[in-house]
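Structure at a glance
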Protein chains: 2
Amino acid sequence: MSHACDHHDHNHAPAPVNTAARLAEAQTLCAEAGERMTTSRLRTYELILEASAPVKAYDVIDRFHPDGAAKPPTVYRALSFLEHMGLIHRIESLNAFVACGASDHSTGSHHTAGFLLCDCCGQSVEIALPALGAVDSRAAEAGFKVKRITLEARGLCQACRQDD
Amino acid sequence: MSHACDHHDHNHAPAPVNTAARLAEAQTLCAEAGERMTTSRLRTYELILEASAPVKAYDVIDRFHPDGAAKPPTVYRALSFLEHMGLIHRIESLNAFVACGASDHSTGSHHTAGFLLCDCCGQSVEIALPALGAVDSRAAEAGFKVKRITLEARGLCQACRQDD
DNA sequence: ATCGATATGTAATATTGTAACGATCGTCAA
DNA sequence: TTGACGATCGTTACAATATTACATATCGAT
Ligand SMILES: [Zn+2]
Ligand SMILES: [Zn+2]
Ligand SMILES: [Zn+2]
Ligand SMILES: [Zn+2]
């Protein structure tokens, strides 16, 4: 995963997540939902949590085992599961995945969220999506039933603006 | 390009565009911008205009010549050009491309737009994106400089809701 | 005519994602 | 316990999407 510039460092990482705690929460969440948090799924989630930016599926595949890669279906299945559980989000404009940053997954289902994606350092920030009036009203006008919304804002994060 | 259902027909096509007129407009636009509307670019744009829904790059590649396909770089280059000119948009969640539906391309540069994308018939509707207050304010808060926004609402169009 | 910038042709390869099918695991009821 | 069933997994192969690299051609301006 390389990014747009190499003229400044990208050490402005976000506060690291407490991976162990998040993994435990995920296990609880699945148990409550009657779903099975298997080792493949947990390992996939772990690799996404550890990353400081959205992760490509093949990065997960490559890092899955200490020695040697996983098979693609193993990881793609886990990614689908985690996305359905609302634990991760797919970033369409990057073909990548990021852990959900919402504090509470107790709804059990995937919420829609927006993302600020830095083109320079690659970091992503999840933002809540309150009602998007403009979209809702335009959809209503067209008789269109919205099921889910992808909103991705590409640009430069504060750190990358400053030292550019 | 197949879609989600086969239990009702998908004959509710949008009003067809006047392809010839749009091609001519595009030529004018490029001339004014000092860009070259070459035959590859024009052919690519034509194929996208003719489609009634977002088109995959490889559909363009396959249909490019009356006999035999184009080479991928030919088409991907043309797609990049057309996107930069604001004549087409890439739909990230579909890996596909659609002609810009804005009436006026005279700004010369690509505007941001939103899309209503029917999961059933595959049709897309481009919607204007007025300021997205929620996103702008959250970006400002984070010191994030937004350069462009992808907004794609997936769901069911009116026709597909009715006969489902 | 020549030059530099832009655009194209071509082959190869990289990246991303699925289909298919049998084996295994977990759960529950007979 | 045992068998049945659905969910999950392992494995192979392949499909779909996209880019790199480099040679060639074209355009427009000296
Ligand atoms: Zn989230
Ligand atoms: Zn950044
Ligand atoms: Zn548009
Ligand atoms: Zn529809």
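The text that follows walks through the structure, step by step, so that each part is easy to find.

Thresholds applied
Residues numbered from 1 in each chain as written. Chains lettered and ligands numbered in written order. Predicted model: local features only at pLDDT ≥ 70, side-chain atom pairs only at ≥ 80, totals over all residues. Heavy atoms only, no water. Near = heavy atom within 4 Å. Polar contact = N/O pair within 3.5 Å; in protein donor to acceptor, adjacent residues only side chain to side chain. Helix = DSSP H or I, 4+ residues; strand = E, 2+ residues; numbered from the N terminus. Least-squares fit on C-alpha atoms with pLDDT ≥ 70 in both. Contact = heavy atoms within 4.5 Å. Donors = N, O, S within 2.8 Å, 3.2 Å for Na, K, Ca; no water. Tetrahedral: all angles 85-135°; square planar, octahedral: opposite > 155°, others 65-115°. Buried < 20%, exposed > 50% of the residue type's maximum accessible area, 1.4 Å probe, protein only. 1 Å grid on protein atoms, 1.4 Å probe; cavity = no way out; pocket = protein on both sides within 12 Å on 5 of 7 lines; lining within 4 Å. Points joined across faces, edges and corners; volume = space filled by probe spheres on them. Nonpolar A, V, L, I, M, F, W, Y, C, P; charged D, E, K, R; others polar. Buried area = accessible area lost by both parts, 1.4 Å probe. Salt bridge = Lys/Arg side-chain N within 4 Å of Asp/Glu carboxyl O. Pairing = 2+ DSSP bridges. Axes fitted to C-alpha atoms, helices over the stretch in contact; angles between N-to-C directions. Left-handed = near helix turned anticlockwise from the far one by under 90°.

Time to look at the protein's contact with DNA strand D. With respect to spatial proximity, 17 residues lie near DNA strand D, and among them T38 and R77 of chain A together with K56, Y58 and R90 of chain B are the closest. Near the protein, meaning within 4 Å, the atoms of DNA strand D are sugar or phosphate in a fraction of 49%, with bases accounting for the rest. Within the side chain of T38 of chain A, a nitrogen or oxygen atom sits 2.4 Å from a phosphate oxygen of DNA strand D. K56 of chain B is positioned with one of its side-chain polar atoms (N or O) 3.0 Å from a phosphate oxygen of DNA strand D. For the surface near DNA strand D, the secondary structure elements donating two or more residues are α4 (72–84) of chain A together with α4 (72–84) of chain B.

Least-squares fitting of chain A to chain B yields an RMSD of 0.1 Å, with the transformation described by 0.0 Å of translation along the axis and a rotation of 180°. What the rotation and shift describe, once combined, is the action of a two-fold rotation axis. Of every C-alpha in chain A, the one belonging to L151 of chain A sits nearest the axis of rotation, 2.3 Å from it. Most of the interface of chain A is mirrored in chain B, where 100% of its interface residues again form contacts.

Okay, the coordination of the zinc ion (ligand 4) next. Residues and elements named next belong to chain B. Looking at the zinc ion (ligand 4), the protein donor atoms are C118 (SG), C121 (SG), C157 (SG) and C160 (SG), and they sit 2.3 to 2.4 Å from it. Coordination geometry of the zinc ion (ligand 4): the 4 donor atoms subtend angles of 106 to 112° at the metal centre, consistent with an arrangement described as tetrahedral. Looking at C157, the relative accessible area reads 13%, which means it is buried.

To continue, consider the layout of surface pockets. Roughly 580 Å³ of internal volume is contained in the largest pocket. Along the wall of the largest pocket there are 31 residues; nearest its centre are P14, A15, S52, S124 and V125 of chain A. Sorting the residues of the lining of the largest pocket by element identifies α1 (19–33), α2 (39–50), β3 (96–99), β4 (113–118), β5 (124–128) and α6 (158–162) of chain A together with α5 (133–142) of chain B as the ones contributing at least two each. Looking at side-chain class alone, the lining of the largest pocket contains 21 nonpolar, 6 polar and 4 charged residues.

Turning next to the interface of chain A and chain B. Listed per partner, the contact involves 32 residues of chain A and 32 residues of chain B. Taken together, the two surfaces of chain A and chain B that pack against each other cover about 2,900 Å², and 64% of this comes from carbon and sulfur. Among the residues of chain A in contact with chain B, L116, F144 and R154 of chain A are the three that bury the most area, contributing 19% of the side total. D119 of chain B is the partner of R148 of chain A in a salt bridge, and the nearest nitrogen-oxygen pair spans 3.8 Å. There are 12 residue pairs in polar contact (both at pLDDT 80 or more) connecting chain A and chain B. For the side of chain A that touches chain B, the secondary structure elements donating two or more residues are β4, β5, α5 (133–142), β6 (145–156) and α6 of chain A.

Quick look at the sheet that holds strand β1 (residues 55–56) of chain A now. Residues and elements named next belong to chain A. Judged by pairing direction, the sheet is antiparallel, and its 3 strands sit side by side in the order β1-β3-β2 without closing on themselves. At either margin of the open sheet sits one strand with a lone partner, and together these are β1 and β2 (88–91). Relative to β3, β1 is paired through 2 bridges, and the arrangement is antiparallel. Residue pairing in the sheet places V55 in a bridge with F97 of β3. Each of β1, β2 and β3 touches α2; the most contacted strand, β3, lies at about 85° to it.

Moving on, we get to the packing of helix α1 (residues 19–33) of chain B against helix α2 (residues 39–50) of chain B. When two helices pack together, their arrangement is given by the angle between their axes and by how far apart the axes lie. Residue and element names in this part refer to chain B. Interhelical geometry of α1 versus α2 gives an angle of 140° and a closest axis separation of 10 Å. Both α1 and α2 take part in a crossing whose hand is right-handed. Contacts between α1 and α2 pair T19, R22, L23, A26 and Q27 from the former with L42, Y45, E46, L49 and E50 from the latter. Partitioning the contact of α1 with α2 into residue classes produces 5 nonpolar, 2 polar and 3 charged.

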